[in-house]
Amino acid sequence: MSEGAGFTTMAADKAAGDIPEIGVGMLGYAFMGKSHTNAYKTIPYMMYPPPAIPKLIAMAGRNEQAVALAAQRFGYAKYYTDWRDMMADDEVQLFDNGGPNNAHAEPSIAAAQAGKHILCEKPLARTAEEAKTMLDAVQKAGIKHMVAFNYRFVPAVRQIRKLIDAGALGRIYHFRAVYLQEWIMPHYNTPMIWRLQKSEAGSGALGDLGAHIIDLGRYLVGDVKSVSAMAKTYIEERPKADGSGMGRVDVDDAFVAAVEFQNGAIGTLEATRFAAGRKNALGLEINGEKGSIRFDLERLNELEVFWNDDEPKETRGFHHVLVSEPYHPWWKNWWPQGHIIGWEHTFIHEITHLLDCIVNDKDVAPIGADFEDGYRAAVICDAILESAASKRQVDCKY
């Protein structure tokens, strides 16, 4: 069920009334609130038969007028202006934390203590220490927990993992990944926002973008042993949004890191929000003994694949593969071959997997990222910042 291609006859014969409901409580109503809600509303009729029917119980946010309008717009039955009140709502069984990074730990820990399953946006926390408190809480509570590293749920990325697991690439030598955006460059005149403040975000491009490629490196290659990094802040002061003067930017605008994986592979990671012309450009390449694979998020239904022995050397080269066949991950739920799906579908796949894990008592990992994965990504983020500050190689200690 988790990949949309393994429906059993029993599941296919289920009547809609036999499918359980899971009540959802959402913290936040902006970018991720909209993305996740779209998934909850799509799952019942597209990921059919769904493991559960998400029931939109409540939405929480500090601004009453805004959260009331958002709840009405998205179809939540009620709203709260204090997330603590939502934790006391017995109808909420799954807590979806789409708040800013400084609102990840306390509400998620409270949700775990209340016995609610949790989907938390990435990065899991501002620091590894904070992430560990969250991991401890969910393990103690015995609930299902997932970090929203949604790029694991791009069919092409999942297909890469399946190829690696099958030994198709052989020994992995290299992993390189970049995540490039441009939206805080000078010409945008971006004021001080929470993503530019360490107290709220924890880090800058590292946590915002780098956490994704760190997780993909762990997902596809394995744990990171050590890092050697540089980080840079290009604009150190920005006007406060309320017009009260200037504020100091104390997070990274860009970072680069060389990494060594525990299995002996080496790699590079790079993320910036100062890449002119790049809107949401995540790219990765894996080189192994039997071939190489390239992926570009802006062409997320495609892979570029090279196999050492697939044809005569005179015509050997990278092949373009369209990942849209019925046997590719999750595609039986969508359209005929070549009818492209998009970024928003990753959340549909991701949340379907979580619902399946909740209903059928399955492990979120290794297909999804659980809080253990979120914690380990946070350890690597901390090591990158430590390396950049100390100008030396740093071991990752989990």
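Note: the structure precedes this text.
Keep in mind it's a predicted model, so treat the numbers as computed, not measured. Per chain, residue numbering runs from 1 following the sequence as it is written. Under the rules for a predicted model, residues below a pLDDT of 70 receive no local features and side-chain atom pairs below 80 are neither given nor counted, while totals for whole chains, interfaces and linings still include all residues. Excluding hydrogens and water, the side-chain figures rest on all heavy atoms present in the structure.

Participant: Give me the overall build of the protein: which residues, what numbers.
Facilitator: Numbering of helices and strands starts at the N terminus; helices are DSSP runs of H or I of at least 4 residues and strands are runs of E of at least 2. Along the protein, the regular secondary structure elements total 11 helices and 17 strands. We take the radius of gyration over the C-alpha atoms and set the globule estimate at 2.2 Å times the residue count to the 0.38 power. The C-alpha atoms of the protein give 21 Å as radius of gyration, which agrees with the globular expectation for 398 residues (21 Å, within 12%). Expressed along its principal axes, the backbone C-alpha trace of the protein runs to roughly 65 × 60 × 40 Å. Summary of the burial criterion: residues with accessible area below 20% of their type's maximum are buried, those above 50% are exposed, and those between are partly exposed, where the area comes from a 1.4 Å probe applied to protein chains only. Sorting the 398 residues of the protein into buried and exposed places 55% on the buried side. Each accessible area is a Shrake-Rupley estimate made with a 1.4 Å probe; only the visible protein chains count as cover when residues are assessed. With an accessible surface of roughly 17200 Å², the protein has 50% of that area assigned to carbon and sulfur atoms.

Participant: Kindly report on unusual backbone geometry, identifying the contributing residues and their values.
Facilitator: Cis geometry is adopted by the peptide bond preceding Pro49, which originates at Tyr48 and carries an omega value of -5°. The topology assignment puts Pro49 in the loop between α2 (31-46) and β2 (53-60). The amide bond that connects Ala365 to the next residue, Pro366, takes the cis arrangement and shows omega of 10°. Among the secondary structure elements, Pro366 is positioned in the loop between α10 (345-360) and α11 (371-390). With phi around 55°, Asn189 is a residue other than glycine that occupies positive phi space. With respect to the helices, strands and loops of the structure, Asn189 is situated in the loop between β7 (172-180) and α8 (198-201). Backbone geometry places Lys391, a non-glycine residue, at a positive phi of 60°. Within the secondary structure, Lys391 sits in the loop between α11 and β17 (394-395). Using a relative accessible area of 75% as the deciding quantity, one classes Lys391 as exposed.

Participant: Would you mind going over the sheet that holds strand β13 (residues 281-288) in detail, with residue names and values included?
Facilitator: By definition, two strands form a pair when at least two bridges between them are found by DSSP. Spatially, β16-β15-β14-β13-β7-β12-β11-β8-β17 is the arrangement adopted by the nine strands of the open sheet, whose pairing is mixed. Edge positions in the open sheet fall to β16 (319-322) and β17, since each of these has one partner strand only. Sheet analysis places β7 next to β13, joined by eight bridges and oriented antiparallel. Its bridge partner being in β13, Arg176 is matched across the sheet by Glu285. Throughout, a residue-residue contact means that at least one pair of heavy atoms, one from each residue, lies within 4.5 Å. Throughout, an axis means a line fitted to C-alpha atoms (over the contacting stretch in the case of helices), and angles, computed between N-to-C directions, take values from 0 to 180 degrees. Against the sheet, helix α7 (residues 155-165) contacts β13, β14 (291-296) and β15 (302-307), and its axis sits at roughly 165° relative to β14. Seen against the sheet, α11 touches β8 (224-232), β11 (254-261) and β17 and runs at an angle of roughly 55° to β8.

Participant: So, the nonpolar core: which residues are in play, and what are the values?
Facilitator: By convention a nonpolar core is built from buried Ala, Val, Leu, Ile, Met, Phe, Trp, Tyr and Cys residues, the set being connected through side-chain atoms within 4.5 Å. Core analysis: the biggest nonpolar cluster contains 80 residues, and Leu284 and Phe295 have the highest contact counts within it. The greatest single-element share of this core, amounting to nine residues, is contributed by α11. Among residues more than four places away in sequence, those in contact with Phe295 are Val154, Ala156, Val157, Ile160, Leu282, Gly283, Leu284, Leu300, Glu302 and Leu303. By size, the runner-up hydrophobic cluster in this structure holds 35 residues, among which are Met46, Leu56, Leu119 and Ile358.

Participant: Please set out the side chain of Asp253 residue by residue, giving values where relevant.
Facilitator: As for its placement among the helices and strands, Asp253 is situated in the loop between β10 (246-248) and β11. There is no salt bridge for the buried Asp253, and the closest opposite charge comes from Arg238, which lies 4.9 Å off by N-O distance. A polar side-chain atom of Asp253 sits 3.3 Å from the main-chain amide nitrogen of Ile235. Once residues within four sequence positions are removed from consideration, Asp253 is found in contact with Ile184, Ala205, Lys232, Thr233, Tyr234, Ile235, Ala271, Thr272, Arg273 and Phe274. For the purpose of charge, His is not counted, nor are the chain termini; Lys and Arg are scored as positive and Asp and Glu as negative. Whenever Lys or Arg places a side-chain nitrogen within 4 Å of a carboxyl oxygen from Asp or Glu, that contact is recorded as a salt bridge. Any pair of N or O atoms that falls within 3.5 Å is considered a polar contact. Within protein, one atom must be able to donate a hydrogen and the other to accept it, and sequence-neighbouring residues count only if both atoms are side-chain atoms.

Participant: Hey, could you go over the packing of helix α5 (residues 105-113) against helix α6 (residues 128-141) for me, with residue numbers and the actual values?
Facilitator: Following both chains from N to C, one finds α5 and α6 inclined at 10°, their axes separated by 9 Å at the closest point. Taken as axis vectors, α5 and α6 run roughly parallel relative to one another. Between α5 and α6, the residues in contact are Ala105, Ser108, Ile109 and Ala112 and Glu130, Thr133, Met134, Ala137, Val138 and Ala141, respectively. Think of it as three bins: nonpolar holds Ala, Val, Leu, Ile, Met, Phe, Trp, Tyr, Cys and Pro, charged holds Asp, Glu, Lys and Arg, and polar takes everything else, Gly as well. Here the residues of the contact of α5 with α6 sort into seven nonpolar, two polar and one charged. Roughly parallel refers to an angle under 35 degrees, roughly antiparallel to one over 145, roughly perpendicular to one between 65 and 115, and oblique to any angle outside these ranges.

Participant: Help me get a handle on the pattern of salt bridges, residues and values and all.
Facilitator: Under the defined criterion, the tally for this structure stands at 22 salt bridges. For Lys78, the salt bridge identified is with Glu91, shortest N-O distance 2.8 Å. With a gap of 13 residues between them, Lys78 in strand β3 (residues 78-80) and Glu91 in the loop between α4 (83-87) and β4 (94-97) connect regions that are remote in the sequence. The partner of Asp208 in a salt bridge is Lys122, and the shortest N-O contact between them spans 3.8 Å. Taken as a pair, Asp208 in helix α9 (residues 205-220) and Lys122 in the loop between β5 (117-120) and α6 lie far apart in primary sequence, 86 residues in all. Of the two residues examined, Asp208 and Lys122, each falls in the buried class. Through salt bridges with shared partners, one network takes in Arg152, Asp215, Arg218, Asp223, Glu372, Asp373 and Arg376.

Participant: Run through the pairing of β5, naming residues and quoting values.
Facilitator: The two faces of β5 match: His117 and Leu119 on one face and Ile118 and Cys120 on the other face are all buried. In this sheet, β5 lies alongside β4 in parallel orientation, the contact comprising four bridges. Residue pairing across strands places Asp96 opposite Leu119, the latter belonging to β5. With the strands pointing away from the viewer, any crossover whose connection runs clockwise from the first strand over the helix to the second is right-handed. Remark: the β4/α5/β5 crossover connection has right-handed handedness. Relative to strand β6 (residues 145-147), β5 runs parallel, the two sharing three bridges. Bridge pairing in β6 places Leu119 opposite Met146. Viewed along the sheet, the connection from β5 through α6 into β6 turns out right-handed.

Participant: Describe in detail the layout of surface pockets, supporting the description with residues and values.
Facilitator: The way it works is a 1 Å grid over only the protein atoms, where trapped points that fit a 1.4 Å probe form a cavity and open points with protein on both sides within 12 Å along at least five of seven lines form a pocket, and then any residue with an atom within 4 Å of a point lines it. Grid points are joined across faces, edges and corners, and a volume is the space filled by probe spheres set on the points. Put simply, the largest pocket is a space of about 1100 Å³. Contributing to the lining of the largest pocket are 45 residues, with Gly98, Gly99, Pro100, Trp194 and Arg195 lying nearest its centre. Sorting elements by how many residues they give to the lining of the largest pocket places α9 first, with four residues. Its residues assigned to classes, the lining of the largest pocket comprises 20 nonpolar, 15 polar and 10 charged.

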